[in-house]
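The lines below spell out each chain.
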Amino acid sequence: MLRIIPSSDPSLADALQREFVVPDEVCLAVADILTAVRERGDRALAEFTARFDGVELAPEEGFRVSAAEVKAAYRRVEQEFLDALRHAKERIAAFHRRQLPASWFETSAEGIVGGQLVRPLDRVGIYVPGGRATYPSSVLMNALPAAVAGVREIAMVTPPARDGSVNPYTLVAAAEAGITEIYKAGGAQAVAALAFGTESIRRVDKITGPGNIYVTVAKQQVFGLVGIDMLAGPSEVVIVADGDADPAAAAADLLAQAEHDVLARAVLITPSWELAGAVREEVARQLGDHRERRGILEKALADGGLIIVTRDLEEAVGLANRYAPEHLELMVGEPLAWLGRVRHAGAVFLGGYTPVALGDYAAGPNHVLPTGGTARFTSALGVDAFLKRINVLSCDRDGFGHLAPTVAVLAEVEGLPAHAAAVLVRGARGGKEGRE
């Protein structure tokens, strides 16, 4: 099941390779769906909802979840869930409030004022998986940063169940996050509705949230018309552990990641052969406790599970950086001492009592993270994803006179004489040089 290989093994490079290839037929199918929704709006959205979700929704009645449905959802969830949801909401919102940047302005001695205005997006769309799935945590992780950023309108789309309802846990999470605009729509057709707008759903400025391969490709294809958060691939964890790490805890965290889906990646990197063997035994033992998802776990571990034994911790952290994982656990004696060596990861979890699951639900940091090695150049979803920075410049005569000669020279070199004239004409009419 779980392979153990030394870091010197020639097959290591292939083992660490992740390639998420989208079949051509998926790209073409998504393009057709997007075109249909753009051209026929709600009628196409209803047709695709009937075809893919098995739910007949009348276009003339719209797709919006009613206030009565949300109210009924509260009666169907347990108080224990509501308490947990509100606890998680408080922590997530508090964490993201720390991310809020401020507008700023600075005046130089030459009379040049430069700065930035920070402004929230007007309207965003959040995609939340639905049908048989229940992901209230995904609602919080996408909606709360947007709310903290000051986004005025947040629309949520989620696939309906076969009876036309939306999962009550999802609805309650949306209500608790302050979302009042919820639509029964999923798949690429929901992404199209958010990007282009329909008779029922007004277009948005940005789309965030995870989904299946059709949702991901749809987000890719509408990017440019609207913004997107990222293109999410299979979930992944890398655990860097020393010889004193708890094998049971490491095994549990590998299994927790592997249960996402059969494409998930679960990797342990350690300099201890003894720990490697103990963790593999623990994984086999703990599998018996997960009968419901055992098939998914076994497939994920067989295809994407790996234990790498390195020369030392230095090499282990180096391999983790090379992998640039979505989640990185440092199950070592002095995790803070190694944190400074981490260059690439979506999120880092320090010590034996900080499993990824804490971050997935309630600790505060966002669980929407870069996958597939994209942590090399992108970051977790946060408040900044819902903000714009608008540059501001102001010059008085002295400031203009200080910059104008430089601008004129550079504009002439680039072959743009009108740019040069735009500053020279002002100098001739009373700039600093003109006064002298």
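Preceding this section is the structure that the text describes.
Criteria and thresholds
- Residues numbered from 1 in each chain as written.
- Predicted model: local features only at pLDDT ≥ 70, side-chain atom pairs only at ≥ 80, totals over all residues.
- Heavy atoms only, no water.
- Pairing = 2+ DSSP bridges.
- Helix = DSSP H or I, 4+ residues; strand = E, 2+ residues; numbered from the N terminus.
- Axes fitted to C-alpha atoms, helices over the stretch in contact; angles between N-to-C directions.
- Buried < 20%, exposed > 50% of the residue type's maximum accessible area, 1.4 Å probe, protein only.
- Right-handed = clockwise from strand over helix to strand, strands pointing away.
- Contact = heavy atoms within 4.5 Å.

Draft legend 1. Representation of the sheet that holds strand E2 (residues 104-107) within the structure. Read across the open sheet, the three strands follow the order E2-E3-E14; overall the sheet is antiparallel. Edge positions in the open sheet fall to E2 and strand E14 (387-395), since each of these has one partner strand only. Averaged over all neighbouring strand pairs, the angle between strand axes comes to 10°, with direction disregarded. Taken together, the nine bridges between strand E3 (residues 112-120) and E14 define a ladder with antiparallel strand orientation. Counterpart to Pro120 in the pairing with E14 is Leu387.

Draft legend 2. Inspection of the pairing of strand E6 (residues 181-184) at higher detail. Of the two faces of E6, the one holding Glu181 and Tyr183 and the one holding Ile182 and Lys184 are both buried throughout. As paired strands, strand E5 (residues 153-158) and E6 are joined by four bridges and run parallel to one another. Counted as the bridge partner of Met156 is Ile182 from E6. Chirality of the crossover, the property in question, places the unit of E5, helix H7 (residues 168-176) and E6 among those that are right-handed.

Draft legend 3. Main features of the environment of Gly54. Structurally, the position occupied by Gly54 is in the loop between helix H3 (42-53) and helix H4 (67-76). A C-alpha to C-alpha distance of 8.7 Å links Gly54 and Gly164, two positions 110 residues apart in sequence. Apart from residues no more than four positions distant in its own chain, Gly54 is found in contact with Thr49 and Arg162.

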